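A closer look at the structure
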Amino acid sequence: MPFDPNDIMKDRITDIGPPKYDKFFPPIVKENYGKWKYHEIIEPGVLLHVSETGAKLYSVRVGTSRLVSVDYVREVCDIADKYCDGYLRWTTRNNIEFLVSDESKLRPLINDLKSRGNWFPIGGTGASITSIVHTQGWVHCHTPAIDASGIVKSVMDDLFEYFGSHKLPAQVRIALACCLNMCGAVHCSDIAILGVHRKPPFIEHDRVQNVCEIPLVIAACPTAAIKPKKVADESGKEYKSVEINEARCMFCGNCYTMCPALPIADQDGDGVAIWVGGKVSNSRVAPMFSKLAVPYIPNEPPRWPTVVKTIRKIVEVYASDGRRYERIGEWINRIGWERFFEKTGLEFRHEHIDDYRLAMTTWRTTTQFKF
């Protein structure tokens, strides 16, 4: 049957696409949909949402890792069944929010969560460091320059005091992407951890023609740095392969995605870049892109001490020097980049100079305007 806009559920095939979102609303949310007046943070990690009807909903935010076990999810569901009538949600930053409609269950829920040690840390709201949103890293992704879960764990262990408190001038959002293809939000976070490759892919000439479609590999390169080439081994046997113009390579790993005979991971060349000053919020000042703070830090698994130390330094200087409600990017714009490098002790290098000739087209990225 043709689609009927007056009855959107008519003849719906439920196994194509996601179910309709309101199917999973808690009753209090469904009854007050579109009627919420305001929300407030009553303590770190605990929010109160108030409706025009007078209904109140409490959400208790708990930080989790991105990768969790089935046993952990079962424990979370048991807690939700006990205190929240089974209702909870996961946020885009890998937090859990327990949705409490009965105020008498709020404090018992908080006490229960705190009694379980650091398995269910409450926080990540208001002027705090929120959970780090991150990519796959060495666990799953095929083009990472750095690990994701390992660095995130190390950084949050060190900054944990800022997760469950309101000691900062404003919220600090940290993101990690394990390569510059950036399936993490590193382009618009207060502090961003970016994995960088510094060497072009290694070409396994004897494998290319067997496991790769060479025209597809060539087409996959965004800078046209790859062209076909015939090569011969020591015995004189010829192979159909490719050649990479290293001067044009931007180390993105797209070719490796198309061809497993072009591995880009390199133990000595891969490392971490740190960016600062981005935000998505349109309040006070326009949204901002992150900008380079540290061009390269070597990989130091399993705890990445230099990365952890550098990020803590930035956070502590911002905490002592920022004004209330001022995000990191706003603080930097107020004091100037020269003072930022002085205060944090970071080295200014030639990589910090932006010579991208089309940058003017990206300077204005905002819905704000002035008459």
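Predicted model, so just to flag it, every value in this text is computed and none were measured.

This part takes up the overall build of the protein. For the protein, the count of helices and strands is ten helices and twelve strands. Considered along the principal axes of its C-alpha atoms, the protein spans approximately 80 × 65 × 50 Å. If you take every contact in the protein between residues at least 6 apart in sequence, the share linking residues at least 24 apart comes to 65%. Surface summary for the protein: the accessible area is close to 20,900 Å², and the carbon and sulfur share equals 54%.

The omega angle of the peptide bond from Pro301 to Pro302 is 10°, so this bond is cis rather than trans. In this fold, Pro302 is placed in the loop between strand S12 (291–298) and helix H8 (305–321). Backbone geometry at Asp85 places phi at a positive 55°, although glycine is not the residue there. Following the sequence through the fold, Asp85 ends up in the loop between helix H2 (70–83) and strand S4 (88–90). Residues other than glycine seldom take positive phi values, yet Phe251 does so here, at roughly 60°. Following the sequence through the fold, Phe251 ends up in the loop between strand S10 (238–244) and helix H7 (254–258). Judged by its relative accessible area of 23%, Phe251 is partly exposed.

This brings us to the sheet that holds strand S2 (residues 46–51). Spatially, the five strands line up as an open sheet ordered S1-S2-S3-S5-S4, and their pairing is antiparallel. Each of the sheet's edge strands pairs with one partner strand only, and the pair in question is strand S1 (36–43) and S4. Neighbour to neighbour, the strand axes of the sheet diverge by 25° on average, direction disregarded. On top of the sheet, H2 reaches strand S3 (56–63), S4 and strand S5 (95–100); it is set at about 20° to S5, its chief contact. Packing against the sheet, helix H3 (residues 106–115) makes contact with S1, S2, S3 and S5, and its axis sits at approximately 5° to S3.

All right, on to a nonpolar patch on the surface then. On the surface, Phe3, Ile8 and Met9 cluster together into a nonpolar patch covering about 330 Å² of accessible area. On the secondary structure map, Ile8 appears in the segment before helix H1 (27–31). On the accessibility criterion, Ile8 (42% relative accessible area) is partly exposed.

Going through the model one piece at a time under the given rule, you end up with one disulfide. There is a disulfide in this structure between Cys212 and Cys259, and the S-S distance comes to 1.9 Å. On the sign convention where negative is left-handed, the bridge of Cys212 and Cys259, at about 65° about the S-S bond, is right-handed. Of this pair, Cys212 sits in the loop between helix H5 (205–211) and helix H6 (214–220) while Cys259 sits in the loop between H7 and strand S11 (271–276), and the two are 47 residues apart along the sequence. Accessibility expressed as a relative area gives 1% for Cys259, which makes it buried. Between Cys141, a cysteine without a disulfide, and Cys178, which holds the nearest cysteine sulfur, the sulfur-to-sulfur distance is 4.7 Å. The exposure class assigned to Cys141 is partly exposed, which follows from its relative accessible area of 22%.

With that settled, the discussion passes to helix H4 (residues 149–158). Within the span of H4, buried status applies to Gly150, Ile151, Val152, Ser154, Val155 and Met156. Lining the buried residues of H4 we find strand S6 (133–134), strand S7 (174–177), strand S8 (191–196), S11 and H8.

The topology assignment puts Pro215 in helix H6. Residues Pro215 and Arg327 lie 112 residues apart in sequence; the distance between their C-alpha atoms is 47 Å.

For S5, the tally of buried residues reaches six of six residues, placing the bulk of the element in the interior. Both faces of S5 are covered, namely the face carrying Asn95, Glu97 and Leu99 and the face carrying Ile96, Phe98 and Val100. Both S3 and S5 contribute to a ladder of six bridges, which runs antiparallel. Across the sheet, the residue bridging to Ser59 is Leu99, located in S5.

Per-residue confidence for the protein gives a mean pLDDT of 91, with 95% of residues at or over 70. Between the elements of the protein, mean pLDDT differs from a low of 92, seen in S6, to a high of 98, seen in H8.

Turning our eyes to something else, we now look at the sheet that holds S8. The strand order across the open sheet formed by five strands is S6-S7-S8-S11-S12, and the pairing between neighbours is mixed. Unpaired on one side and paired on the other, S6 and S12 mark the two borders of the sheet. The pairing of S6 with S7 spans two bridges and is classified as parallel. Within S7, the position partnered with Val133 by the bridge is Ala175. Contacts between helix H10 (residues 337–344) and the sheet are confined to S11 and S12, with S12 contributing the most and set at about 35° to the helix.

Bringing the side chain of Asp112 into the picture now. Structurally, Asp112 is set in helix H3. Given a relative accessible area of 11%, Asp112 falls into the buried group.

What follows concerns the pattern of salt bridges. Tallied over the entire structure, the rule returns 24 salt bridges. Across the pair Arg116 and Glu75 runs a salt bridge, and its minimum N-O distance is 2.7 Å. Placement of the pair is Arg116 in the loop between H3 and S6 and Glu75 in helix H2, with a sequence separation of 41 residues. On the accessibility criterion, Arg116 (28% relative accessible area) is partly exposed. Given the relative accessible area of 29%, Glu75 is considered partly exposed. With a shortest N-O distance of 2.5 Å, Arg312 and Glu316 are connected by a salt bridge. Here Glu316 and Arg312 lie together in helix H8, a separation of four residues that amounts to about one turn. For Arg312, a relative accessible area of 17% translates into the label buried. Several salt bridges converge on common partners, so that one network encompasses Asp158, Glu161, Lys167, Arg312 and Glu316.

Conventions and cut-offs
Residues numbered from 1 in each chain as written. Predicted model: local features only at pLDDT ≥ 70, side-chain atom pairs only at ≥ 80, totals over all residues. Heavy atoms only, no water. Helix = DSSP H or I, 4+ residues; strand = E, 2+ residues; numbered from the N terminus. Contact = heavy atoms within 4.5 Å. Areas by Shrake-Rupley, 256 points an atom, 1.4 Å probe, with all protein chains shown as cover. Buried < 20%, exposed > 50% of the residue type's maximum accessible area, 1.4 Å probe, protein only. Pairing = 2+ DSSP bridges. Axes fitted to C-alpha atoms, helices over the stretch in contact; angles between N-to-C directions. Patch = residues over 30% accessible without salt bridge, like charges linked within 9 Å, V, L, I, M, F, W, Y side chains within 5 Å. Salt bridge = Lys/Arg side-chain N within 4 Å of Asp/Glu carboxyl O. Disulfide = S-S within 2.5 Å. pLDDT = per-residue confidence, 0-100.

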